[in-house]
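Here's the letter readout for the chains.
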Amino acid sequence: MLQTERLLLREIAASDFDAVHAYASDLEVVEFMTWGPNTEQDTRDFLERSVTAAAKDPRTDFALAVVRREDERMIGSAGLHLSGEGGHQAMLGYCYSPEAWGHGFATEAAEALLALGFDALGLDRIWAGCDPSNVGSIRVLEKLGMSLEGRLRKDIRVRGELRDTLVFAILLDEWRESDR
């Protein structure tokens, strides 16, 4: 469990179905995602994968519920997905309910995940992929101090359309040199 000033990042549970399904089935929310909008079964499958991944040892997938501390309302999910030889790097991912957009929650939760990755998991690099049209997500990644490493052209298919991906990353030494 991770805590920030306004958020609690905890393990995802089967009881999160209603909150997760509300945002994961919203076409506006998943506009830039390779998945969704979720059916009820898609949401149940995601929850089951998240619970199973949390129990693995060694753990390589940290999908966490993002909950507002003030009212204990789940507003999204965020996570690190370890990869690379020896698990030295991870992909950062997140998805939020529209009610959470524009309040700095994504940046706040992602900062906690970067700290988890670099300080607790000993990662060397954390990266994220982002649709070039997803201006809000690009702003989050830039606020985190991540650098644009490049553009993968037409590398993913989103609801039948080939799209580009912008790749952002931050290295351990860059994280240490930041004011975090």
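The model shown is predicted, which means the values in this text are computed figures rather than measured ones.

What counts as what
- Residues numbered from 1 in each chain as written.
- Predicted model: local features only at pLDDT ≥ 70, side-chain atom pairs only at ≥ 80, totals over all residues.
- Heavy atoms only, no water.
- Pairing = 2+ DSSP bridges.
- Helix = DSSP H or I, 4+ residues; strand = E, 2+ residues; numbered from the N terminus.

Chemist: Before we move on, can you summarise the sheet that holds strand β3 (residues 61-68) with the specific residues and values?
Modeler: Strands sit in the order β1-β2-β3-β4-β5-β6-β8-β7 across an open sheet of eight strands; the sheet is mixed. Edge positions in the open sheet fall to β1 (2-3) and β7 (147-158), since each of these has one partner strand only. Bridging between strand β4 (residues 74-83) and strand β5 (residues 89-96) involves eight bridges; their strand directions are antiparallel. Bridged to H81 within β5 is M91.

Chemist: Pulling in residues and values, what's your account of the pairing of β7?
Modeler: Bridge count between β7 and strand β8 (residues 161-171): eight bridges; the pairing is antiparallel. In the strand pairing of β8, I156 is matched with R163. The hairpin turn running from β7 into β8, its antiparallel successor, is two residues long, and R159 in that turn takes a positive phi close to 45°.

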